[in-house]
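Chain by chain, the residues run as shown.
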Amino acid sequence: MRRAVLAVLAALNLTACGPRPAEQADVCAIFALPAVPGDTQAGDAADLAWAKVHERVLFRSGVVYRPGWKVMEHGRSWGHCPARPKPVEHLLVSSDATYAMTKGGRRANGKPVTFGACYFEKSQSGWRLRACRKTLNEPVPLMTFKPLK
């Protein structure tokens, strides 16, 4: 009985949380592009400014995709694609599916070696890489605390 319940829950996780066929096509098209977060650097100042603006919107209203085997993680499974850069940890796609971002990086012995984000834009001809930036060694903004009154 217990095995049957686990099998049903696993099947529901794989079918109900996976992307629809059109979403799956977009996910696979993004993964097929030659961009590895944390390793690839691309885009000029205008592209990086575009990426920064769109990143904020993605965090507010985008759809989060993640590997299917991470059951308790937030977001939908990104399903199965023939190609996927290994260090991708999350994929965020805008609600209108016109731009997207991958985040991730390589690890060695459990510690991050590289980390970054790549930004993609969808046009009439399909998905294209717009910008990539490394974020592992970015300085953390200093936080100041206001004294309690």
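Residue indices begin from 1 for each chain and proceed along its sequence in written order. With pLDDT at 70 or above as the cut-off, local features in this predicted model cover only qualifying residues; side-chain atom pairs require 80 or more to be listed or tallied, and sums for whole chains, interfaces and linings still use all residues. Hydrogens are left out, water is left out, and the side-chain values use all remaining heavy atoms of the structure.

Undergrad: Before we move on, could you go through the packing of aromatic side chains and cite the residues and values that matter?
TA: Whether two aromatic rings pair depends on their centres lying within 6.5 Å, for rings of Phe, Tyr and Trp, where Trp uses its six-membered ring; planes under 30 degrees apart make the pair stacked, over 60 edge-to-face, and the rest tilted. Counted by the stated rule, this structure contains two aromatic pairs. With centroids separated by 5.1 Å and ring planes inclined at 80 degrees, the aromatic side chains of phenylalanine 31 and tryptophan 78 adopt a geometry described as edge-to-face. Taken together, the residues span a long stretch of sequence, with phenylalanine 31 in helix α2 (residues 21-32) and tryptophan 78 in the loop between β2 (76-77) and β3 (88-93) at a distance of 47 residues. A relative accessible area of 3% places phenylalanine 31 in the buried class. Judged by its relative accessible area of 4%, tryptophan 78 is buried. With a centroid separation of 6.3 Å and 75 degrees between ring planes, the pair formed by tryptophan 50 and tyrosine 99 is classed as edge-to-face. You can see tryptophan 50 sitting in helix α3 (residues 45-61) and its partner tyrosine 99 sitting in strand β4 (residues 99-104), a full 49 residues away along the chain. Residue burial is assigned from relative accessible area. The probe radius is 1.4 Å, only protein chains are included, and a residue is buried under 20% of its type maximum, exposed over 50%, and partly exposed in between. Judged by relative accessible area, which is 12%, tyrosine 99 ranks as buried. By the criterion adopted, a ring carries a charge over it if an Arg CZ or a Lys NZ lies within 6 Å of its centre and within 35 degrees of its normal. Looking at arginine 130, its charged tip hangs above the ring of tryptophan 50, at a distance of 4.4 Å from the centre. Labels follow the DSSP assignment, with helices taken as runs of H or I lasting at least four residues and strands as runs of E lasting at least two, numbered in each case from the N terminus.

Undergrad: Break down unusual backbone geometry for me, with residues and values.
TA: Within the chain, alanine 97 stands out as a residue other than glycine whose phi angle is a positive 55 degrees. Judged by its relative accessible area of 21%, alanine 97 falls in the partly exposed class.

Undergrad: Residue-level account of the pairing of β4, with values.
TA: Counting buried positions along β4 yields six of six residues, so the element is predominantly enclosed. Here β4 shows a buried face lined by Tyr99, Met101 and Lys103 and a second buried face lined by Ala100, Thr102 and Gly104. Bridge analysis of β3 against β4 gives five bridges, and the strand direction is antiparallel. Pairing of leucine 92 across the sheet is with methionine 101, part of β4. Between β3 and β4, which follow one another and run antiparallel, lie five residues, and alanine 97 among them has a positive phi close to 55 degrees. Strand direction decides the pairing type here: β4 and strand β7 (residues 116-123), joined by six bridges, are antiparallel. Its bridge partner lying in β7, methionine 101 is registered against tyrosine 119. Any two strands with at least two DSSP bridges between them are considered paired.

Undergrad: So what's going on with the sheet that holds strand β1 (residues 63-66)? Which residues, and what values?
TA: In sheet architecture, strand pairing relies on hydrogen bonds along the backbone and comes in two forms, parallel and antiparallel. With respect to topology, six strands assemble into an open sheet ordered β2-β1-β3-β4-β7-β8, the strand pairing being mixed. The sheet terminates laterally at β2 and β8 (126-134), the two strands that pair on one side only. By the bridge criterion, two bridges tie β1 to β2 in an arrangement that is parallel. If you follow tyrosine 65 over to β2, its bridge partner there is arginine 76. Only heavy atoms enter the contact rule, under which two residues are in contact if any of them lie within 4.5 Å. Axes here refer to lines fitted to C-alpha atoms; in helices the fit is confined to the stretch in contact. Angles between the N-to-C directions go from 0 to 180 degrees. Contacting β1, β2, β3, β4, β7 and β8, α2 runs over the sheet at an angle of about 130 degrees to β3. Contacts from α3 reach β1, β3, β4, β7 and β8 within the one sheet, and its direction differs from that of β4 by about 85 degrees.

Undergrad: So what's going on with the pattern of salt bridges? Which residues, and what values?
TA: When a carboxyl oxygen of Asp or Glu lies within 4 Å of a side-chain nitrogen of Lys or Arg, that pair is called a salt bridge. For the structure shown, the criterion picks out seven salt bridges. Note that aspartate 26 is salt-bridged to lysine 122, the shortest N-O span being 3.1 Å. Here lysine 122 lies in strand β7 and aspartate 26 lies in helix α2, a separation of 96 residues in the sequence. Since its relative accessible area comes to 15%, aspartate 26 is described here as buried. Taken together, the shared-partner salt bridges connect Asp47, Glu121, Arg128 and Arg130 into one network.

None of the figures reported here should be taken as evidence of function without further support.
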